[in-house]
Amino acid sequence: MNQLKRFVLWKDEIEGIRITVWAEIRDGSLTVSGQDLGKRLEDLFGEGEYEYFYSFDRENTARLIALLTDGGPDLKGELIQRFSGNEGCARLRQFCEENDLTYSFYSC
């Protein structure tokens, strides 16, 4: 699977913070990105917005897909099932660690 249009992996509001996490495969590379917004963030950290990005190269994207789908076609469903929810990004990091998958992380 070389492409997967950007879709919402998870969306919620927790304690006054609106959280949205997306996933997308473009040119064979997976990106999971998130944005947290809200006055509570500003009160806690001085900024009302926090963005973060997990970027996988083609090789690690292909390995991740193989591990998640085991040859099946429903990658989007697997990503939602395994990595949505409040702890979804933590589960993604743990899955990558357990399976020796590498990614780059950036936040702002």
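Residues numbered from 1 in each chain as written. Predicted model: local features only at pLDDT ≥ 70, side-chain atom pairs only at ≥ 80, totals over all residues. Heavy atoms only, no water.

**Overview of the sheet that holds strand S3 (residues 29-37)**
Strand order in this open sheet of 5 strands is S1-S2-S3-S4-S5, and the pairing throughout is antiparallel. Looking at the sheet topology across the chains shown, the edges are occupied by strand S1 (4-14) and strand S5 (104-107). Strand-to-strand twist in this sheet, taken as the mean axis angle between neighbours without regard to direction, amounts to 15 degrees. By the bridge criterion, 8 bridges tie S1 to strand S2 (residues 17-26) in an arrangement that is antiparallel. Along S2, the bridge assignment pairs Trp10 with Val21. Its contacts with the sheet place helix H2 (residues 58-69) against S2 and S3, and it is angled at close to 85 degrees to S3. Sheet strands in contact with helix H4 (residues 88-98) are S2, S3 and strand S4 (49-55), and its direction is about 25 degrees off that of S4. (Pairing = 2+ DSSP bridges. Helix = DSSP H or I, 4+ residues; strand = E, 2+ residues; numbered from the N terminus. Axes fitted to C-alpha atoms, helices over the stretch in contact; angles between N-to-C directions. Contact = heavy atoms within 4.5 Å.)

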